[in-house]
Structure formats: C-alpha cells, structure tokens
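The residues making up each chain are set out below.
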Amino acid sequence: MLSADFVIATAVGYVGLLFVLAFFGDRRARANTKSFLHSPAVYTLSISVYCTSWTFYGAVGNAARSGLEFLTIYLGPTLVFVGWWFLLRRLVRISHDQRITSLADLLSSRFGKSNRLAVLVTCIAVIGIAPYIALQLKAVTSSIQAVAGSSEFGQGSLAGIDDVGLAFGIAAAMALFTILFGTRHVDAKEQHHGVVAAIAFEAVVKLAALLGVGIFVVYVGGGLEPIFRRAAEMGVSAPTENSFGDRWVTTLVLSVAAIVCLPRQFQVTVVENSDESHLRVAGWAFPAYMLLMSLFILPIAVFGLTVMPAGSNPDMFALTLPMFYGQSPLALLAFIGGFSSATSMIILESIALSIMVSNHIIMPLVLRFSSGQPSADGQGVSHLLLVARRVSIILILSLGFFYFFFTRDSNALAPIGLISFTAIAQFFPAVLAALFWRDASLKGATAAIAAGFVIWVWCSFLPSFESVSPQVAMLVQHGPWGIAWLRPEALFGLDRLDPLSHAAFWSLTINVVTLTVVSLLTKQSALERIQSTLFVDVFRRGAAQRGNFVRGSATANDLFFVAERVLGERRAAALFETAAREIGVDPDMLEPSPAFIGKLERELAGSIGAASAHVMLSKVVSGSDVSLEEMMQMADETQQVIEYSQQLEKTSAELRSTAQKLEDANTQLRELDSQKDEFLSQVSHEVRTPMTSIRSFSEILLDPQGIDDVQRQHFVSTIHQESLRLTRLLDEILDLSALERGERSWENRPVDAEAALERALQVCDALLRQRDMRVEQGPRAGCTMVEGDADRLCQVFINLISNAVKYNNATKAVLRVTSSVRAGSYVVEIADNGPGIPKSERTLIFEKFSRGQHGASDQSGAGLGLAISRQIIARMNGTLDLVPSPLGGACFRVRLPVVGAG
Amino acid sequence: MLSALCALCWVISVEPRKRVSAMLALTVFGALLLVPPLVLVFNQPISHFGVPQIVIYLFLVWLGLIIGTAWLSRTLAPDTSGKPDGLEDE
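If you're wondering where the values come from, they're calculated on a predicted model, not measured in any experiment. (Residues numbered from 1 in each chain as written. Chains lettered and ligands numbered in written order. Predicted model: local features only at pLDDT ≥ 70, side-chain atom pairs only at ≥ 80, totals over all residues.)

With respect to the overall build of chain A
- When you go through chain A residue by residue, the secondary structure sums to 33 helices and 7 strands.
- When burial is assessed residue by residue, chain A has 48% of its 902 residues classed as buried.
- Across chain A, contacts joining residues at least 24 apart in sequence account for 82% of those joining residues at least 6 apart. (Helix = DSSP H or I, 4+ residues; strand = E, 2+ residues; numbered from the N terminus. Buried ≥ 20, exposed ≤ 12 C-beta atoms within 10 Å, placed from the backbone. Contact = placed C-beta atoms within 7 Å.)

Here's the deal with the overall build of chain B
- Helix and strand counts for chain B come out as 4 helices and 2 strands.
- Traced from its N-terminal end to its C-terminal end, chain B shows the element sequence α-α-α-β-β-α.
- For chain B, buried positions account for 19% of its 90 residues.

Points about the interface of chain A and chain B
- Between chain A and chain B, the contact holds 33 residues from the first and 34 residues from the second.
- Broken down by secondary-structure element, the contributors of at least two residues to the side of chain A that touches chain B are helix H4 (69-82), helix H11 (224-234), helix H12 (246-261) and helix H14 (278-295) of chain A.
- Among the elements that make up the side of chain A that touches chain B, the one with the highest residue count is H14(A) (6 residues).
- Classifying every residue of the side of chain A that touches chain B by side-chain character gives 21 nonpolar, 5 polar and 7 charged. (Nonpolar A, V, L, I, M, F, W, Y, C, P; charged D, E, K, R; others polar.)

Digging into the nonpolar core
Residue and element names in this part refer to chain A.
- Within the largest apolar cluster, 228 residues are counted, with the highest numbers of intra-cluster contacts made by Leu107, Val121, Cys261, Ile300, Ala318 and Ala445.
- Element by element, the count of residues in this core is highest for helix H7 (residues 115-148), at 20 residues.
- Taken domain by domain, this core gets at least three of its residues from each of domain 1 (4-367 + 378-526) and domain 2 (544-626).
- For Leu107, the contacting residues outside a window of four places in its chain are Leu117, Ala118, Val121, Ala430, Ala434 and Ala445.
- Grouped together as the second largest cluster of nonpolar side chains are 40 residues, Tyr807, Leu815, Ile837 and Ile845 included. (Core = buried A, V, L, I, M, F, W, Y, C linked by C-beta atoms within 7 Å. Domains from an automatic or database assignment.)

So, the packing of helix H30 (residues 709-741) of chain A against helix H33 (residues 865-875) of chain A
Residues and elements named next belong to chain A.
- One can describe the packing of H30 onto H33 by two numbers: an axis separation of 10 Å at closest approach and a directional angle of 35 degrees. Relative to H33, the crossing made by H30 is left-handed. Of H33, the residues touching H30 (which contributes Asp735, Leu736, Leu739 and Glu740) are Ala867, Ile868, Gln871 and Ile872.
- Looking at side-chain class alone, the contact of H30 with H33 contains 5 nonpolar, 1 polar and 2 charged residues. (Axes fitted to C-alpha atoms, helices over the stretch in contact; angles between N-to-C directions. Left-handed = near helix turned anticlockwise from the far one by under 90°.)

Things to note about the environment of Leu815(A)
All names here are of chain A.
- Relative to the assigned elements, Leu815 resides in strand S4 (residues 814-822).
- What makes Leu815 buried here is the crowd of 25 C-beta atoms within 10 Å.
- Considered as a pair, Leu815 and Met773 are 42 residues apart in the sequence and their alpha carbons are 7.0 Å apart.

Notes on the environment of Gly30(B)
- Tracing the backbone through its elements, the reader meets Gly30(B) in helix H2 (residues 19-34).
- Residues Gly30(B) and Leu65(B), 35 residues apart in the sequence, show an inter-C-alpha distance of 6.8 Å.
- Not counting the four nearest positions on each side in its chain, Gly30(B) is found in contact with Leu79(A), Val82(A), Val61(B) and Leu65(B).

Looking at the sheet that holds strand S7 (residues 890-897) of chain A
All names here are of chain A.
- Strand order in this open sheet of 5 strands is S2-S4-S5-S7-S6, and the pairing throughout is mixed. Both outer strands of the open sheet, strand S2 (774-777) and strand S6 (879-884), are each paired with one neighbouring strand and no more. Across the sheet, the mean angle separating the axes of adjacent strands is 20 degrees when strand polarity is ignored.
- Relative to S7, strand S5 (residues 825-832) is paired through 7 bridges, and the arrangement is antiparallel. (Pairing = 2+ DSSP bridges.)

Notes on unusual backbone geometry
- Cis peptide bonds are those with omega within 30 degrees of zero, and the linkage from Pro36(B) to Pro37(B) qualifies with 5 degrees.
- Tracing the sequence through the fold places Pro37(B) in the loop between H2 and helix H3 (38-41).
- Positive phi values are uncommon outside glycine, yet Ala823(A) reaches one of about 45 degrees.
- One non-glycine residue with positive phi stands out, namely Asn877(A), at about 65 degrees.
- When you line up the elements, Asn877(A) lands in the loop between H33 and S6.

As for the confidence of the model for chain B
- Per-residue pLDDT for chain B averages 75, and the proportion of residues at 70 or more is 67%.
- In the model output, the complex is listed with pTM 0.66 alongside ipTM 0.86. (pLDDT = per-residue confidence, 0-100.)

Regarding helix H9 (residues 163-182) of chain A
- Between its first and last C-alpha, H9(A) extends 27 Å over 20 residues, near the 28 Å set by a 1.5 Å rise per residue.
- Those residues of H9(A) lying buried are Leu166(A), Ala167(A), Ile170(A), Ala171(A), Met174(A), Ala175(A), Phe177(A), Thr178(A), Ile179(A), Phe181(A) and Gly182(A). (Expected span 1.5 Å × (residues − 1).)

Concerning the pairing of S4(A)
Residue and element names in this part refer to chain A.
- Sheet topology places S2 next to S4; 4 bridges connect them, and they run parallel. By the bridge assignment for S4, Arg774 is matched with Val814.
- Sheet topology places S4 next to S5; 8 bridges connect them, and they run antiparallel. What sits directly across from Val821, in S5, is Tyr826.
- Between S4 and S5, which follow one another and run antiparallel, lie 2 residues, and Ala823 among them has a positive phi close to 45 degrees.

Some points on helix H15 (residues 297-307) of chain A
- With 10 of 11 residues buried, H15(A) is to be regarded as a mostly interior element.
- Inspection of H15(A) places Ile297(A), Leu298(A), Pro299(A), Ile300(A), Ala301(A), Val302(A), Phe303(A), Gly304(A), Leu305(A) and Thr306(A) among the buried residues, and these make up the whole buried set.

Thoughts on the confidence of the model for chain A
All names here are of chain A.
- Per-residue confidence for chain A gives a mean pLDDT of 82; residues scoring 70 or more make up 88%.
- Contacts for the low-pLDDT stretch residues 542-551, under 50 throughout, to residues beyond four places or in other chains number 32 contacts.
- Segment residues 855-859 is flagged for pLDDT under 50; beyond a separation of four residues in sequence, or across chains, it makes 9 contacts in the model.

Concerning the environment of Ala440(A)
All names here are of chain A.
- As for its placement among the helices and strands, Ala440 is situated in the loop between helix H20 (428-436) and helix H21 (442-461).
- On a C-alpha basis, the gap between Ala440 and Ala430 in space is 8.2 Å, while along the polypeptide they are 10 residues apart.
- If we skip the residues at most four places from it in the chain, Ala440 touches Ala433, Ala434, Ala445, Leu515 and Ser519.

Here you go:
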C-alpha cells in the first residue's frame, strides 16, 4: 500500500535525480560538443515535452468521456513533423541565423525588431499559458490525492491539507526547482543542455510508465478483445463513433498551431536545436513517440470504465487501476510517470516564458532607465537578467496557481488545456505570415494578435470561470447588459457550434482577416522590409548577414562596455579577440566594422532578444554617419541609377536602329549614285550618238561637192530628227528636275480622269498595234472627276502604257486596264503579263535615272518616265504604286482622290 | 492499389528531385485522410479483433505517415540551400 508521504518522498528524490542529471548533462555538453546529448535521439525525446500530464492523465479521461478526440492532439503535431521540411526547417534556419531566443523574439525580429509586439506576445503567452500550468498543478494534486485518498493510513502528513494547500506547495516547489535548474547562468544561444538532458530522461520515464500501465491493463483484461467486448456488454464503451464533428477539426487545427507556437515547444524544437539535420530524425521519431504514448490510452480508458466503481475520476485511471489491483510498484511508476510529464512541462514552459518576460519586458525597462551608462561592475546586466528570470518564473507559476485556485471545481483536465491551446494558436497566423508572406506588416501582425486575444478572452477564458462566479454565469447565459449577440459562447448569434470550436473559429477568423487587411493597408518601415526579406528568402540568399548599422562611429571601447554588460567579461573579451585575430590586428587596435557590429548585435540578441540588442547598440552606435533611413534612400537612389541606365540602354538601342536605317539609306544612295553614273554615261552616249551623226552629216554638207540634192535632203532630215531626239531627252530631264524643285506648277482643277485615260489609250493605239498587243478592257468607273491637270494625267497614263508595251516580251502580250472608285478614290490599274519587276528593283524603279534591266527590247528611254509620273501624281495628291499583277507581270496602280468625296 | 504504391516508391527512389514534392503530398494527403469526410468512410460500427474499425484505421494512417516520413527523410539529399559558401575563408 502506498502512502502520500512515501509518494512525496519519492517525488522529491526523483527531482533530486533530475537535478543531478541536469548538472552533469550541462558539464558534459559543454566539455564535448559531439557528446550523446547533441544526438537527434535526445533532441526528439526533448520535443516530447509536448506530452504533459494532459496526455498521461487527461487523455485517458478524455477518451473515457468523448471517445477518440484525444487523438487529434497528437495527430496535428504529427502532420507538422511529417511536413518538417516546409515549416520547421525554415523556423530552425531563421532562428539560427538571427539568434532567435523565443517566439516573441521571432515575431518582433521579423516585424522590424519591434519591442511593442514582443511585449504583446509575451503578455498573451503568459496569460494564455496560465490555464495550462494550472492543469499540471491540478494533475499532480489529484494524483497525490488519488494515492492518499485510498486509505486513512495513506494520508500521512497530508491529513488536514486541502487540495489548494497541496497545489500551492507543489507550485512553490516547482518554482524553486525551475529557478535552480534553468537560471543558473545566461547562455549565448539560450540553450540549456542540462535541462534538455533531464527532459529527455523524463520523456523515457513517462513513456515507460504509460506503456507499463497499458500492458498491465491488457494483461489483466485478458487481451484487447475481451476488454472492448465487456465494455460493450456493460454499455460503458467510450463513444468512438461521434468524435468526428466540428470539435475534431478544431482540436486538430489547434494542436497544429500549438506544436509550433507553445513557448516550450518553440524552445525545445527551435531554440535548443543544435543541428538542423536532427529534424530529419525528429520528423518521424516524434510522431512515433506520440503513437506509442497513445497506443494504450483507449484500452486503459475502456477498461477503467468497466472495472472501476462508478463515479471515479477517469482522468486518474492510469494511476488508480494499478492501485485497484494492488500493484504498488506499478502504481508508483505511474505516479512518477505522471509527475515526470508535469514537471518537464512546468520547468520548460516557465523557462521559456521567463526568457520572454526578462528579454522583452524587463530588459527594455532597464535600458530605458539606465540611460546608457554602463554600471561599474561588468556583470550588471547578466546578473539583472538572472534576477528578472527568477522573478518571472515565480510570477508565471503564481498565475497558474491562481487560475487553479479559481477554477478548482471543474473536473476534467483536457478542456483546460484546450483553452491554452486556443490562446497560443493566435500567434500561428502571424508566424506563418512572418515566414511566407513578404508584405505582412508590423501593424497587421500586432492588430491580428491583439484582436484574436480579445476574442479568446471573451469566448474562451471568461466562460471557464462560469462555475465559480455567478456573474460570469449570468454573462454567459444572457450576454452583457442582456445583449444576446454578444454572448461569449454564441457570438454574433452563432450558437450551433461547440463552445471550443466557437471560440477557435471566431478568434482565428478575426485574427487572419485582421492580419490580411491591415497588412495590405499599411506600409512597412525600412527595417521591416529588410527583416522580411531575410525571413522569407532565408533559403534563397546566401546567409550573408547585413548589419543594420552601416558606418558606425562607435569605438571598440564603447562596444566592449556594452558586450561586457550583457555577456560578461570573459565572453566579451573572447568575442573581441576572435574578431581582432580574424582581421589580423592587435585587440586594442580593433576598428569595429559594420560586419563586426552586426555580429555583436546577434550575439547580444542571443541573450536579451533582438529588439533590446538593437536598442542597446543603437545607443552606442548613435553617431553613425549613415542611418538606416539614409541607407534605404541610397538604395532608392541606386534603383534610380539603374532605371536611368536602363533608359540609356533603350536610347542607345534607338540610336542603333537609326544608324541601321541610315546605313540602309546610304546603301540605297550609293546604288542610286552608281546608277546615276551609269545613266550619265548612258545619257552621254545617247547624246553623243545623235551629236556624232549631226556632226558628220553637217561636215559632209559643208563640202558641197559629190552629193546630189536627194542625198542632201536626206542628210538634213536626219540632222533634224537627231536634234529633235536630243531636245526630247533634254526636255525630259529638265521637266523632272523642274517638277522636283516645284518650279513647274499647274493649277489643279476638276478634270475627268476617265477621259484622260481614254485619250491615253487612243494615243498608244498605234504602239499597241505595232507590238500586236491585246488590250483587255476590265471594269471601268465611268466619268469621274479628280483634281488635276488633264494633259499631265494623260502623260502619266501614256507613260505607264508605253512602259507595259516596251518591257513586255511575252509571245501573246496582254495589257489589262481597269478603273474604279473605291473609298472615295479613283483607282486605275494598268497590268501586263510581261516578266514583271524583280524584287531587287522594286524600290528603285520610281527613282530618277532608273530603268528596268530586263525585258526591255529597246533601251531608248532615259529612265525618267516613272519618276516624272510619280511626281505628277503626287502633285495631284494621289499615289502611284507597284502592286501584284493579276496577269503575272507588273501592275501599276494610280490612286487619286475623287472631287467632292469627303 | 498496392502495385500503384510500389510504382510510386520506385519513381521517387530513382528521381531524388521529386522527394520534396512527395513530402508535401504526404503531408497534405495525410491531413485529408484524418478529417471528415474521408474519416467518416471508415467510421462504421464494425470491430476487428475486438477493436473498433475506426481506431485501427486512424492508427494505420498514423503509422503510414511515420514510415513514409522516415523513408523520405532518410533518402533526402543534404540540404545546402541558403547556406553561406566559404564563410570560413573570410
């Protein structure tokens, strides 16, 4: 038979053992960084601090009361660890890079090193965790009473002490123990290897105890089947069928948030992590640990319901079942297991919370009032931090105790824990946003957490006092001042949900909406932008750290003072000596570089949090030449320079294309020039031929002898014809140059274009007949008036028709003439079935001195016809183009605006 | 069903790049298997070996997640993304 005295003595002895373990663990870890304590196994076991007495006692009670719901508390974390690559790896990497010490530090660091946010997170965590600590106190108290209550003998020295007194004693002992344990010194990275060793040991103890009880129950019950069958026969079976409603999803979501955001989980998973690769093992090993923990919970609950007397507390089945069967050693093991799970939780939770309180609330206050004057003894801040942490631990346990004191009448353990989970889950949206959403802003995160917290207080925290306070009961029943839609468990008239789901739904929904909307509406500060990039792109950029102090004017001496205050003289000196050795100078001559100041800030952040470290160094590095804002301005200017250079590049591209065009034009010019030369020689030749004949004939005529009148007559007429030809050539040249210079002008007046075309065809009739060319008459427009000069227009048509005749060498030559009125324009097309114009010449044929190279049977023209025609048509505001011919040869299109057609 | 699973395992074992995607799929599908409506499919008043079917189902999914994660984590290449290169040299 166990007695309370014996059990308490065992518990004290067990705590003593833990203390010894922690002490030697610390020594060993310090002496050897590759020791067993840095292994993934110990890391995984330390994470299992997640399984508290809520698991050990509460899950059995929960299973007995509401079936499988207890499983969600372990399935949620399983999912987080199965997906460790996506969330936990990121958290661990960022926290290593930024020397993060707590969840509050993480959020504050991400959102511009804001201390206000850190204070908010810390306060909410401390208040939110109070029910959770109360749960542990209640579990330990109940377990001691379960042992003591079984007999008069069992009470021992506890006789006359009620549960409040017992709980107070436990809380006080825990506070003392945690202070001795966790606040012996301030560590660089807030890692507590000794504590972790003790926690890992406790994890093994509680697993062994619960498995022991489970195997014993299965053995006594005669196997799983008889246990479940007997329960079914008695009608007391745990209600497994109705578990999958809104509560199932809610508790799953809450447990996902809790495994990341609970201060102690953040501490062991992220801060105490010494090697990122440990997550690889923890990813499957921690879910496996939880599976083993949960394996026998349902059998224990079902068996307890069948054999234990009606009215016994199902939360205590794991302890009372072995006692019922008189198995004292097993009962003692179960008690130690439950005690282990409670102590490990309380120790780590209060250490984690005390770090947050001291770093984010007490340190900033001290910094504000000490006005930057380092105290005489170098250990000042270090010592102050330790005192602050001890006070915080006492405060945190007191809050837990008071919560226990006020709600001691409610029975079950699990609902209390879920109240804490809902509070802690309010950090989860902000944490996700911090890691994945670049635009999440400080104001958004602060407003979201505050809004979620307010809803939690109203919907979850307040109603938990319903059983002790009639006022609260009234409030829950009717709402404040009778306003029904403000009732804490039916906010905005939503009364279909279970109270927990209701609180979780409203608080998280409002939290997420606030975070999104406020972040979208507000602007990030410069520091926030830098930090958000560091966090979101942690895997993208090389982990090169940018110090936020740029060109500091701080002397090494000033910095050393600051470092000494926080880190202690020895570590500060070591830090400075290492830095000096790295750049190869004497430590006295060390010039603090921005990189060094950045490193120092991170080291300080490891002890006092990012926000405090930043403030502290800002005081010393105040006279810095370049402030952060200026830095951002410089970045903006750089951006502008980049934009300017992009503009330059664009301009230079334009220049390149212009140069290309010029080059093309130049090529064309050269070609024209060469054609002109060719043409000039042609003209010279053309001019020379008649001149030669004129000269020779006139020389013959000068010598009158030997020629008769008939010959004379012939010679004179030849001279006449040659001079006419010469004149015509010169006329053409003059005509074109006059047209181009705009000298030869005529008045445009309405003329009948169709008549001009008809006249041209008549003029060319003889030419066509001579070449035996068939004229194909296409559709004609009929009488159409255009602005122009009838003779000139006729000249253009004649030129086009005679060209078609001249260059056509087809056996059955065809000329096709069509005219029409299209879209207010008179359009004439003159097409032939000749060889057409080669691609290379198409751009040139309208130029002066240009002549078709192929197909011309006689090269008598001067190559000016088309150039003149185009000039003429242009003066009539029309166009002359070469278009694809329907007959396969060339086709010229004349387009002239019709008079009065708009 | 089993052969499809084997084929999947084989594909992932020969294509290391797909392991991270496989991990995401494992997490997402694991979550889907644990919430209504899928969970309701197995929530029948049947017992195997005296244990309600739904309890066996949940523990089997759980075990599957553990084994899947162990296998994927073991074969995953060492993660070097974002680590500083040659920082020691400076």
